[in-house]
Amino acid sequence: MTSNAGGQQSDSSGVAAPRSMSSLWLRLLFLSSTTAVAALAATSAVAAVMNGGVGVLSAAFGGAIVMAFFAISLLIGHFVGRDNPSGAVGLFVASYFVKVVGFAVVLFVLGAPAWLHGRWFVIGAVVTVVSWQAAEIYGFSKARLQIYNDPAAGKGGDDVHS
């Protein structure tokens with residue numbers, strides 16, 4: 001069975017051997033960011049029609065902040081997941097709390113620039129969150145994560161383990 005989380009594959013003896021494929025976390029980062037950029041581009045097109053450049057910049061600013069904070073947690077998962085794949089998931093979940101607090105701090109410390117259109121900022125952020133999360137869920141659902149060690153080969157039949 002294969003595990004994409006740690007970038008290793010079990011061989012016939014059940015010992016993990018290094019793989020050349022990239023990690024699950026980097027694939028999720030690529031999938032999520034491309035999905036979010038596509039959704040944000042569609043949102044920006046609507047914002048351009050309704051409110052011009054101010055709407056586009058506001059939606060892009062909201063989406064960029066969300067993407068930056070969400071990318072941090074996937075990068076944490078990538079670097080921690082190499083040595084401890086199961087611990088990376090816990091750290092990944094804990095980073096969501098840090099993201100929410102960090103996002104609030106950025107908004108309160110920076111404040112709203114004069115050019116910011118509040119409605120398009122929120123719409124851009126929400127569209128980015130929804131599309132990013134949908135892509136992450138899809139990516140996790142397609143990942144093959146090894147939960148148990150592979151059984152040792154040659155010890156009886158298919159359903160007999162001694």
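Residues numbered from 1 in each chain as written. Predicted model: local features only at pLDDT ≥ 70, side-chain atom pairs only at ≥ 80, totals over all residues. Heavy atoms only, no water.

Under an unreviewed UniProt entry, the name given to the protein is ATP synthase protein I, and the organism recorded is Arthrobacter bambusae.

**Student:** Honestly, the side chain of Ser-131 in this entry has me stumped. Any pointers?
**Tutor:** Among the structural elements, Ser-131 can be located in helix α3 (residues 118-142). In this structure Ser-131 comes out as buried when scored by relative accessible area, which is 10%. Ignoring anything within four residues of it in the chain, the contact list for Ser-131 reads Thr-35, Ala-36 and Ala-39. (Helix = DSSP H or I, 4+ residues; strand = E, 2+ residues; numbered from the N terminus. Buried < 20%, exposed > 50% of the residue type's maximum accessible area, 1.4 Å probe, protein only. Contact = heavy atoms within 4.5 Å.)

**Student:** Looking at this structure, how should I read the UniProt feature "transmembrane region" (unreviewed entry) in the protein?
**Tutor:** If you check UniProt for "transmembrane region" (unreviewed entry), the listed places come out as residues 28-50, 56-76, 88-114 and 120-140 in our numbering. Helix makes up 100% of residues 56-76 and strand 0%, whereas the separation of the span's terminal C-alpha atoms amounts to 30 Å. (UniProt positions renumbered as here; feature names shortened; annotations may be inferred.)

**Student:** Help me understand the packing of aromatic side chains, please; the structure alone is not making it clear to me.
**Tutor:** Aromatic ring pairs are reported here in terms of the distance separating the ring centres and the angle at which the planes meet. All told, the structure shown has 4 aromatic pairs when counted by the stated rule. With 5.9 Å between their ring centres and 85 degrees between their planes, Phe-70 and Trp-132 make a pair best called edge-to-face. Of the two residues, Phe-70 sits in helix α1 (residues 24-81) while Trp-132 sits in helix α3, which places them 62 residues apart along the sequence. Residue class for Phe-70 comes out buried when judged on its relative accessible area of 11%. Grouped by ring-pair contacts, the aromatic residues Phe-61, Trp-115 and Phe-121 constitute a single cluster. (Phe/Tyr/Trp six-rings, centres within 6.5 Å; stacked < 30°, edge-to-face > 60°.)

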